[in-house]
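Here is what each chain is made of, one letter per residue.
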Amino acid sequence: MTVVTIHKRCFGSLLLIVQMSSTHLQFIKCLLLQMLTKLKSYTYISSMSLLLFGATGHLAQNTLLPRVYKAGFHDVYYVSKNHHTGSHWFHTGDSLPTTDVTYFSASSDHIVSHIEKIPQETLLCIESPIGNSVSSFNSIVDSINETRGLESVRFVDHYLCQHTPDFQDFLINPSDIKEIHITLHDSSKSHHTAQELVQSHVLIALSETLSRSCKCSRLSILNSVVPFDPMKCVFSKTHAFCETQIYISESYYDCIRLCVDVVNTQSARDEYSISVKTTDNNRHQFCIHPHAVYNRFKDNILTECELLPSQDSYLRVLSLALEGSHTAFPSLPEISRCWQIVSHIV
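Residues numbered from 1 in each chain as written. Predicted model: local features only at pLDDT ≥ 70, side-chain atom pairs only at ≥ 80, totals over all residues. Heavy atoms only, no water.

**Student:** Looking at this model, I keep getting lost on unusual backbone geometry. Mind explaining?
**Tutor:** One can expect most non-glycine residues to show negative phi and most peptide bonds to be in trans. With an omega of 0°, the peptide bond between Ser128 and Pro129 qualifies as cis. With respect to the helices and strands, the residue Pro129 is situated in the loop between β7 (123-127) and α4 (134-148). Non-glycine residue Asn281 carries a positive phi angle of around 70°. Note that Asn281 resides in the loop between β13 (271-278) and β14 (282-289). Exposure remark for Asn281: the relative accessible area of 45% places this residue in the partly exposed category. (Helix = DSSP H or I, 4+ residues; strand = E, 2+ residues; numbered from the N terminus. Buried < 20%, exposed > 50% of the residue type's maximum accessible area, 1.4 Å probe, protein only.)

Quick look at the structure:
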């Protein structure tokens, strides 16, 4: 019989009595720590105010606003190009209130025309993708830098705030990896192209996963990815398939084959998974979203299944932004390199 007690001031005490294996106990402890971290974040956020651009868009209505309400911001204001009644609604041409956070969920192409109206004192979060090419990305960054500087700006990719597996925790040696296959089912109606989704989500999430496993920086991983060749990519209205190689280290005899599938789906939710094939004929499947699960297959036979800790990536984005974190957000060189990798297919 194992007893775990975790005390948190203002939230009482949580007592859990479990009788299970040490592996399951470790998983339960991770869940409890995540829950307490969320409670701490909610308390911190409850004194903050937020200004949301693109409040009537698909991302805001279906993803951001439910999280904003759940987090319990003290005041929330909305900006839309359409006129709305109510003291908390503002038109894009109005003088805007000063808030702790300004979240720009509209197309980043519009940030240039609005940047001068956004108060300097606010923490500015801009949703990916940033631009639609290397040149447009650089143009947007230059405009922001000239107007307000970049110190209080965060470029948001919520995939960085999802659960990121460390392959070595599952006894996967990076030098034994033959192939990484990433599948993304996108249900959004944001009209982003498959190439933009690969640039803004897939590549940066891949770099985070491999950087943890290889003990190196995300940028070094991205620099090891060969830019996509149009001859090895197939695009349609509902599906995209891209293939390239990754050369993580010169000491590895073979490169890693990288395959990416992006599917525009009509389902109500997104899906995101990473499948890794190794030289011992094992296939390791990490289902990251919506349910975090690890499956291991040997000769296509399921030999292991394990639940993974999950977390609300958008709530974590807001919390980490307010805490002043930089590592949870892609850097300018990382975003620029991602655009370079897809430059031949956009």
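**Student:** Just to check I follow, could you spell out the pattern of salt bridges for this structure?
**Tutor:** When their charged atoms lie close together, side chains carrying opposite charge are able to pair. According to the stated counting rule, one finds 7 salt bridges in the structure shown. Here Arg257 makes a salt bridge to Glu179, at a shortest N to O gap of 2.6 Å. Placement of Arg257 in strand β12 (residues 256-264) and of Glu179 in strand β9 (residues 177-186) is noted, with a sequence separation of 78 residues between them. Note that Arg212 is salt-bridged to Glu208, the shortest N-O span being 3.1 Å. (Salt bridge = Lys/Arg side-chain N within 4 Å of Asp/Glu carboxyl O.)

**Student:** Looking at this model, I keep getting lost on the packing of α4 against helix α8 (residues 332-341). Mind explaining?
**Tutor:** Packed helices, taken two at a time, are described by their axes: the angle between them and the distance between them. Remark: α4 packs on α8, axes separated minimally by 9 Å, with the N-to-C direction vectors making an angle of 155°. One element, α4, and the other, α8, form an angle in the roughly antiparallel class. Contacts between α4 and α8 pair Val134, Phe137 and Val141 from the former with Leu332, Ile335, Ser336, Trp339 and Gln340 from the latter. When its residues are assigned to classes, the contact of α4 with α8 shows 6 nonpolar, 2 polar and no charged. (Axes fitted to C-alpha atoms, helices over the stretch in contact; angles between N-to-C directions. Parallel < 35°, antiparallel > 145°, perpendicular 65-115°, else oblique. Contact = heavy atoms within 4.5 Å. Nonpolar A, V, L, I, M, F, W, Y, C, P; charged D, E, K, R; others polar.)

**Student:** Help me understand the sheet that holds strand β3 (residues 49-53), please; the structure alone is not making it clear to me.
**Tutor:** The strands making up a sheet associate through backbone hydrogen bonding, with each pair oriented either parallel or antiparallel. Reading across the sheet, the 6 strands line up as β5-β4-β3-β6-β7-β8 and stay open at both edges, with parallel pairing between neighbours. Bordering the open sheet on either side are β5 (89-91) and β8 (153-156), each of which pairs with just one other strand. Recorded for the sheet is a direction-independent mean angle of 20° between the axes of neighbouring strands. Bridge analysis of strand β6 (residues 101-104) against β7 gives 4 bridges, and the strand direction is parallel. The residue bridging Phe104 from the neighbouring strand is Ile126, located in β7. (Pairing = 2+ DSSP bridges.)

**Student:** So what exactly am I meant to see when it comes to the environment of Ala55 here?
**Tutor:** Here Ala55 lies in the loop between β3 and α2 (58-71). Ala55 gets classed as buried once you look at its relative accessible area, which sits at 0%. Note: C-alpha distance between Ala55 and Ser80 (25 residues apart in sequence) is 6.0 Å. Beyond its immediate sequence surroundings of up to four residues, Ala55 is in contact with Ala60, Gln61, Leu65, Tyr78, Val79 and Trp89.

**Student:** I would appreciate a short explanation of α2 in the present structure.
**Tutor:** If you check α2, its first and last C-alpha atoms are 19 Å apart, about what 14 residues at 1.5 Å a residue would give, namely 20 Å. Where α2 bends most, at Leu64, the angle is about 45°, and the proline Pro66 comes one to four residues later. Of the positions making up α2, those classed as buried are Ala60, Thr63, Leu64, Leu65, Val68 and Ala71. Two residues or fewer past α2, Gly72 is found with a positive phi of approximately 85°. (Expected span 1.5 Å × (residues − 1). Bend = angle between axes of the 7 residues up to and from the residue.)

**Student:** Teacher, can you tell me more about the sheet that holds strand β15 (residues 293-298) here?
**Tutor:** Ordered by their spatial adjacency, 8 strands build an open sheet running β10-β11-β12-β9-β13-β14-β15-β16, and the pairing between neighbours is mixed. With partners counted over all chains shown, the strands left at the sheet margins are β10 (234-235) and β16 (301-307), one partner each. The pairing of β14 with β15 spans 6 bridges and is classified as antiparallel. Each bridged residue has a counterpart across the sheet, and for Arg283 the counterpart in β15 is Phe297.

**Student:** What's the story with the environment of Pro119 in this structure? I'm lost.
**Tutor:** As for its placement among the helices and strands, Pro119 is situated in the loop between α3 (111-114) and β7. For the pair Pro119 and Leu96, spaced 23 residues apart in sequence, the C-alpha separation works out to 7.5 Å. When sequence neighbours within four positions are dropped, the list of residues in contact with Pro119 reads Leu96, Pro97, Thr98 and Arg148.

**Student:** Would you mind showing me how to read the pairing of β13 here?
**Tutor:** The buried fraction of β13 is high, at 6 of 8 residues. Sheet topology note: the β9/β13 ladder contains 8 bridges and is antiparallel. Considered in β13, the bridge of His185 is made with Glu271. In the sheet, β13 pairs with β14 via 6 bridges, with the strands oriented antiparallel. Looking across to β14, one finds that Ile274 is bridged to Phe286. In textbook terms, the turn of a hairpin is the stretch between consecutive antiparallel strands, and for β13 and β14 this stretch comprises 3 residues, one of which, Asn281, has a positive phi near 70°.

**Student:** I tried to follow the side chain of Ser325 on my own but got confused; where do I start?
**Tutor:** One can find Ser325 in the loop between α7 (313-323) and α8. Of the residues examined, Ser325 reaches a relative accessible area of 16% and is grouped as buried. In this structure, Ser325 is in contact with Arg154 and Leu320, ignoring residues within four places of it in sequence.

**Student:** What is the right way to read the packing of aromatic side chains from this model?
**Tutor:** Think of a pair of aromatic rings as described by two things: how far the centres are apart, and how the planes are tilted against each other in angle. Evaluated as defined, the whole model comprises 8 aromatic pairs. Where Phe170 meets Tyr294, the ring centres are 4.4 Å apart and the plane angle is 45°; that geometry is what we call tilted. Taken as a pair, Phe170 in the loop between β8 and β9 and Tyr294 in strand β15 lie far apart in primary sequence, 124 residues in all. Judged by its relative accessible area of 14%, Phe170 is buried. (Phe/Tyr/Trp six-rings, centres within 6.5 Å; stacked < 30°, edge-to-face > 60°.)

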